[in-house]
Structure formats: structure tokens, C-alpha cells
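# Structure at a glance
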Amino acid sequence: MTTEKNRVLIFDTTLRDGEQSPGATMSHEEKLEIAALLDDMGVDIIEAGFPIASEGDFAAVSEIAKLAKRATICGLARANLKDIDRCWEAVRHAKSPRIHTFIGTSPQHRAIPNLTMDQMAERIHETVTHARNLCDNVQWSPMDATRTEWDYLRRVVEIAIKAGATTINVPDTVGYTAPVESADLIRRLIADVPGAEDVIFATHCHNDLGMATANALAAVAGGARQIECTINGLGERAGNTALEEVVMAMKVRHDIMPYTTGIDTTKIMHISRRVSTVSGFAVQPNKAIVGKNAFAHESGIHQDGMLKSADTFEIMRPEDVGLSGTSLPLGKHSGRAALRAKLRELGFDMVDNQLNDLFVRFKALADRKKEVFDDDVIALVTDAAAAG
Ligand code: KIV
Ligand code: ZN
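Here the structure is a predicted model, which means the values were calculated and not measured.

Thresholds, definitions, all that
Residues numbered from 1 in each chain as written. Chains lettered and ligands numbered in written order. Predicted model: local features only at pLDDT ≥ 70, side-chain atom pairs only at ≥ 80, totals over all residues. Helix = DSSP H or I, 4+ residues; strand = E, 2+ residues; numbered from the N terminus. Contact = placed C-beta atoms within 7 Å. Axes fitted to C-alpha atoms, helices over the stretch in contact; angles between N-to-C directions. Parallel < 35°, antiparallel > 145°, perpendicular 65-115°, else oblique. Left-handed = near helix turned anticlockwise from the far one by under 90°. Nonpolar A, V, L, I, M, F, W, Y, C, P; charged D, E, K, R; others polar. UniProt positions renumbered as here; feature names shortened; annotations may be inferred. Buried ≥ 20, exposed ≤ 12 C-beta atoms within 10 Å, placed from the backbone. Core = buried A, V, L, I, M, F, W, Y, C linked by C-beta atoms within 7 Å. Arc of directions from axis to C-beta. Near = placed C-beta within 6 Å. Pairing = 2+ DSSP bridges. Right-handed = clockwise from strand over helix to strand, strands pointing away. Expected span 1.5 Å × (residues − 1).

## Overview of the overall build of the protein
When you go through the protein residue by residue, the secondary structure sums to 15 helices and eight strands. For the protein, the C-alpha atoms occupy an extent of roughly 85 × 40 × 40 Å along the three principal directions. Partitioning the intrachain contacts of the protein with sequence separation of at least 6 by distance along the chain shows that 72% fall at a separation of at least 24.

## Concerning the packing of helix 9 (residues 212-222) against helix 10 (residues 243-252)
Packing of helix 9 against helix 10 brings their axes to within 10 Å, and their N-to-C directions diverge by 50°. Compared by their axis directions, helix 9 and helix 10 come out oblique. The hand of the helix 9/helix 10 crossing is right-handed. Of helix 10, the residues touching helix 9 (which contributes Thr-213, Ala-216 and Leu-217) are Glu-245, Val-246 and Ala-249. Of the residues contributing to the contact of helix 9 with helix 10, the split by class is four nonpolar, one polar and one charged.

## What to know about the UniProt feature "binding site: Mn(2+)" (unreviewed entry) in the protein
The sites that UniProt annotates as "binding site: Mn(2+)" (unreviewed entry) are Asp-17, His-204, His-206 and Asn-240. On the basis of their most widely separated C-alpha atoms, the annotated residues across 224 residues gather in one place, lying no more than 10.4 Å apart. Looking at the secondary structure, you find Asp-17 in helix 1 (residues 14-18). On the basis of neighbour counts, which here come to 23 C-beta atoms within 10 Å, the residue Asp-17 falls in the buried class. Those residues within four positions of Asp-17 in sequence are excluded, and the remaining contacts are Thr-230, Gly-235, Glu-236 and Asn-240. Topologically, His-206 is positioned in the loop between strand 7 (200-205) and helix 9. Assessed through the 25 C-beta atoms surrounding it within 10 Å, His-206 is described here as buried.

## Some remarks on the nonpolar core
In terms of nonpolar packing, the biggest core is built from 93 residues, with Ile-46, Ala-48, Ile-73, Ala-160 and Ile-168 touching the most fellow members. When residues of this core are assigned to their parent elements, the largest contribution, seven residues, is made by helix 9. When neighbours within four sequence positions are excluded, Ile-46 is seen to be in contact with Asp-12, Leu-15, Ala-35, Leu-38, Asp-39, Ile-64, Ala-68, Ala-71, Ile-73 and Cys-74. Among the nonpolar cores identified, the runner-up in size contains 11 residues, and Ala-338, Leu-343, Phe-362 and Val-377 belong to it.

## Quick word on helix 4 (residues 81-91)
Considered for burial, the residues of helix 4 that qualify are Asp-83, Ile-84, Arg-86, Cys-87, Ala-90 and Val-91. The buried side chains of helix 4 occupy one side of the element, clustering within an arc of 165° when seen end-on. Exposed and oriented more than 90 degrees from the buried face of helix 4 are Leu-81 and Lys-82. Packing partners of the buried residues in helix 4 comprise helix 3 (55-67), strand 3 (72-78), strand 4 (97-104) and helix 6 (117-134).

## Regarding the site of ligand 1
In the vicinity of ligand 1, the residues found are Asp-17, Phe-102, Ser-141, Met-143, Asn-169, Pro-171, Thr-173, His-204 and His-206. Taken together, the elements giving at least two residues each to the shell around ligand 1 come down to strand 5 (138-143) and strand 6 (167-172). The residue inventory of the shell around ligand 1, partitioned by class, reads three nonpolar, five polar and one charged.

## As for the pairing of strand 2 (residues 45-49)
Burial of strand 2 is extensive: five of the five residues sit out of reach of the surface. Bridging between strand 2 and strand 3 involves four bridges; their strand directions are parallel. Across the sheet, the residue bridging to Gly-49 is Gly-75, located in strand 3. Taken together, strand 2, helix 3 and strand 3 constitute a β-α-β crossover, and its handedness is right-handed.

## Considerations on the sheet that holds strand 2
Taking strand neighbours around the barrel as the criterion, the eight strands line up as 1-2-3-4-5-6-7-8 in a closed arrangement whose pairing is parallel. The mean inter-strand angle of the sheet, taken between neighbouring strand axes irrespective of direction, is 25°. Across six bridges, the pairing between strand 4 and strand 5 is parallel. Counterpart to Ile-99 in the pairing with strand 5 is Val-138.

## Structural notes on the packing of helix 13 (residues 336-345) against helix 14 (residues 352-368)
In the contact formed by helix 13 and helix 14, the axes pass within 11 Å of each other and the chain directions differ by 105°. One finds that helix 13 runs roughly perpendicular with respect to helix 14. The segment helix 13 lies against helix 14, with Arg-336, Leu-339 and Arg-340 engaging Leu-355, Phe-359 and Phe-362. Class assignment for the residues of the contact of helix 13 with helix 14 results in four nonpolar, no polar and two charged.

## What about the environment of Thr-203?
Relative to the helices and strands, Thr-203 resides in strand 7. Separated by 32 residues in sequence, Thr-203 and Pro-171 have C-alpha atoms that sit 6.1 Å apart. Other than its neighbours up to four places away in sequence, Thr-203 contacts Val-170, Ser-182, Ile-186, Ala-216, Ala-219, Val-220, Ala-224, Ile-227 and Glu-228.

## Considering helix 2 (residues 28-41)
Compared with an ideal rise of 1.5 Å per residue, which puts 14 residues at 20 Å, helix 2 spans 20 Å between its outermost C-alpha atoms and is within 8% of the ideal. Buried residues of helix 2: Lys-31, Ile-34, Ala-35, Leu-38 and Met-41, and no others. Angular distribution of buried residues about the axis of helix 2 spans 130°; they occupy a single face of the element. The secondary structure elements touched by the buried residues of helix 2 are strand 1 (9-12), helix 1, strand 2, helix 3 and helix 11 (268-279). Looking one or two residues beyond helix 2, the residue adopting positive phi is Gly-42, at roughly 100°.

And the structure:
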């Protein structure tokens, strides 16, 4: 059952953090297309760009804000009044606009603007107050939160809440945290910061150690109710939490992660392919959920099992992510059962000794080729008929 308590908001940042991947730049039209697909699949908040970064980013965020039907449209702004004003200019056209402002709070990041801790605290108060005077939906992020000293983090989160932030995002900017820490950090913030009960806590994880999905889900267990993520895990360096992974994990393992999202999961495959095409970032074949092999079985034992019952080797239905079905590619590890199934699918019904003969020819071919395609099987049948 969906209640306020177990509903997790999905905040997609493919068009902002995702596009920051070196080489992933998308055109204006491509951004509009991806935003429309995200809106249609039920993403709650779309971070459409960084309006002050360029005229192009500003134009894309403004246009997406005007076109969005359901989603809240968010723009990113650094902790200064000029960035925030520019961001508001772009998102204000949306039915539901949000300003997302941030500053790096860890020792490593505090060194950059050359502010003392007190000066930074003052800056946070001033900028969040300013954003809140423009927009009643304000997200604030202490960048590199997971490497920020606990006392300081607690202090600045309290300041941001008092200044009017409605969402507090806790970024693991460099993918440094581990799942137990991720859950614990959110839990402690909610327990210790005055006013925490009035805001939503968000988790924003990077994948430098391959833990972004685990960290995001752990943060939800700790009380976060917004996950920031991207399609295909696109994003700076090793990327961000992959939307498709967290959404499907909560769906498939609802027994231990009893949270719901508004995502129509049958739209996942299509948007994954479109993001891959427009960003120029190929999806690795063994990528969870959206990789070419995520629902493919080549070995004889697996294919035989799958032909008997899908749940032998699949924990979710391919249809649930928008695929038409499981694929049983033929290769050197395939067995008779899969070859027979393929022959039937192609319209050839064979008796056992014909199948045995064809299987020998098939194995010889499969040893030479990585994958045996439908046309190869048809050619094998034709050759066998001519020989026999
Ligand atoms: O990774 C990060 O810290 C960010 C912030 C701008 C939220 O992307
Ligand atoms: Zn990020």
C-alpha cells in the first residue's frame, strides 16, 4: 500500500549531472525529448540543467519548464544571488518549479571559496533565504556531505531548514560512502536536526566505488524519501545512482524494501535506449536491468531451465521493464532444447535424428562464431537438407 511514509520521490538529474559526463552533451531538441519521456514515465522531479552555466542550458531549462505536464522542474544554482536569480528566471514557467542551490561544505570543498566556517554558514542562510523568497520549493545541498565534519553538517543543515529549504539533499559527491554509513547519516540528521521532520531528505550518490545504488537504498532505509538518479547511471566520472536499478530493486524486493515510486517501469527500456543514443554513451551489455544481456541466457542449462519455467533464472519479468520477452541467444554454450525451440520458432519441426544431425553442425558453427543468428540456423537447415 502506498502511504506518505513509504512513497519515495524520484529526482532525475540525467539532464544536469548526467550531461556533466565528459562527452555526453545533448542538443536542445534531445533534452526536450528526454524531459518529455521522464515526465511521461512518472519522474517526480526533473533537474533540467544549470541555468547560469550557458545560454543553451538556460534555454533548455526554460523550455522544459513550460512543456512539463506533471513533473516538478528544477534548476541548479551555486550559492550566490546571481545564480539563484537566473535559475528562478528559467524554472518559474513550470507548473511546479524548484530551485536547487548548493555549496561544498567538506574541508576539501570549503578551501575553494576561501570562506571560514562561519562565513559559509552566513552564505547558506543568505542564499537559501533569497531562493525561498522567490520560490516556495527550495532544495539545498551541502556538496560532499559525506566528507563533512558531523558537527558542521548538522549545523548547516539546521541553518538551511530555518532559512526555508523544503528538501535537504545529502550528496555523496565523490562516491566515498558505504551503505551502513549512508543509512546512518540520514538517520542521525533526521534525529538530531531541529525542524528535520518538516523537510524531505534526499540522497544523491556517485558510483566511484560501485556502491551508488546500494548507498541510495540504504539512505532510504535510514529515512530519505527522495532518490537522485540518472538513466543508465550517466554522470560525472563513474556516474550517478541508476534510476532503473533503484526503482526495480524496490519493486522486486518490496518484501524488504517496502517503498513505492510513481515510475511506470514499462517505459524504462525505451528511455534507456534514447539516453544512450543521444548522449553517445553505450550501455555495457551486462548492465543491470537495461544491458543487452540482462534478460538473455546462452548456456544450455540456463536455456533449458528458462524453457521450462521463467523463474529459474529470472527474478523479474522482461515485460516489466518494457522488453517483449526473454532472449535465448544461440552460441557455443547452448543446448539441444534451445536449438529445438529456435527451430520451432522459425517454423521447422524436426524429428530426433534430424535434430541430432543439425545439433552437430550447429556446434561446429557456434565454435567459430560468437552468436548464431536466425539466418545462420536457416542456412544450417538448408545445408543439412541438401546433404541428406
Ligand atoms: O554530486 C554532487 O554533490 C552534486 C551537487 C551539485 C548536488 O551533483
Ligand atoms: Zn552529483
